[in-house]
Amino acid sequence: MATLYEKLGGEKAIAAVVNEFYDRMIKDEEVSHYFRYTDMEKLRKHQISYFMSYALGGPHKYEGATLRESHKGMNITHEHYEIAIKHLNGALRKYNVPLEDRVKVEAFLRSVKPHIIHK
């Protein structure tokens with residue numbers, strides 16, 4: 001059975017989705033402040049690698065900070081996390097990712113939510 005990485009079209013397709021996602025996040029006044037002092041090129045590359053290696057079953061092994069470590073001190077709210085999910089779904093829809101696969105990506109994001117939002 002194909003991994004989500006393979007079904008979505010590999011690294012180039014995932015890069016397009018991740019870049020679209022961050023373009024949407026940066027334009028959204030509710031969440032853009034999270035990226036004010038962020039090296040976006042570095043973040044985009046990291047996320048492409050992260051999604052490929054962990055979330056989508058890609059060929060690369062993820063090595064880096066845990067989700068909890070990398071989001072520590074950001075004070076991400078439940079509402080802002082939901083905005084991120086909305087934007088990722090929008091990016092996936094833009095690239096015609098089937099509903100079944102969008103649901104799997106969203107389920108993964110919801111499974112890691114406790115490691116990201118501020119409590």
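Scoring rules and cut-offs
The residue numbering used here restarts from 1 in each chain and proceeds along that chain's sequence as written. Only residues with pLDDT of at least 70 get local features here, since the model is predicted, and only at 80 or more are side-chain atom pairs given and counted; chain-wide, interface and lining totals rely on the full set of residues. Side-chain metrics rest on all non-hydrogen atoms present in the structure, leaving aside hydrogens and water. Nine residue types can take part in a nonpolar core, namely buried Ala, Val, Leu, Ile, Met, Phe, Trp, Tyr and Cys, and a core is a set of them joined through side-chain atoms within 4.5 Å. Buried, partly exposed and exposed residues are distinguished by accessible area as a fraction of the type maximum, computed with a 1.4 Å probe on protein chains only: under 20%, between the cut-offs, and over 50%, respectively. The secondary structure listing takes helices from DSSP runs of H or I that are at least 4 residues long and strands from runs of E that are at least 2 residues long, numbered from the N terminus. Only heavy atoms enter the contact rule, under which two residues are in contact if any of them lie within 4.5 Å. Each salt bridge in this description consists of a side-chain nitrogen of Lys or Arg and a carboxyl oxygen of Asp or Glu lying within 4 Å of one another. To get an axis, a line is fitted to the C-alpha atoms, and for a helix only the part in contact is used. The angle between two axes follows their N-to-C directions and goes from 0 to 180 degrees. Geometric relationships in this document are graded by angle, where less than 35 degrees denotes roughly parallel, more than 145 denotes roughly antiparallel, 65 to 115 denotes roughly perpendicular, and other angles denote oblique. Two helices cross in a left-handed way if the nearer one is turned anticlockwise from the farther one by less than a right angle. They cross in a right-handed way if the turn is clockwise. Under the scheme applied here, ten amino acids are nonpolar (Ala, Val, Leu, Ile, Met, Phe, Trp, Tyr, Cys and Pro), four are charged (Asp, Glu, Lys and Arg), and all others, including Gly, are polar.

A few points about the nonpolar core
Point 1. I14, F51, L56, L88 and L109 are the most contacted members of the largest nonpolar core, which totals 36 residues.
Point 2. When contributions to this core are tallied by element, the ones reaching two or more residues are helix 1 (4-8), helix 2 (10-27), helix 3 (40-55), helix 5 (78-94) and helix 6 (99-112).
Point 3. For I14, the residues in contact, after removing those within four places along its chain, are Y5, L8, I48, F51, M52 and L56.

Comments concerning the pattern of salt bridges
Point 1. All chains considered together, the criterion is met by 10 salt bridges.
Point 2. Between K45 and E41 there is a salt bridge, and its shortest N-O distance comes to 3.2 Å. Of this pair, K45 and E41 both sit in helix 3, separated by four residues, roughly a single helical turn.
Point 3. Judged by relative accessible area, K45 falls into the exposed class, the value being 54%.
Point 4. Connected through salt bridges with shared partners, the residues K7, E100, D101 and K104 form a single ionic network.

Section: the packing of helix 2 against helix 5
Point 1. Where helix 2 contacts helix 5, the two axes come as close as 8 Å, and the packing angle between them is 135 degrees. Judged on the interaxial angle alone, helix 5 and helix 2 are oblique. For the element pair helix 2 and helix 5, the recorded crossing hand is right-handed. Residue-level contacts link V17, E20, F21, R24 and M25 of helix 2 to A84, H87, L88, G90, A91, L92 and K94 of helix 5.
Point 2. A class-by-class count of the residues in the contact of helix 2 with helix 5 yields seven nonpolar, two polar and three charged.

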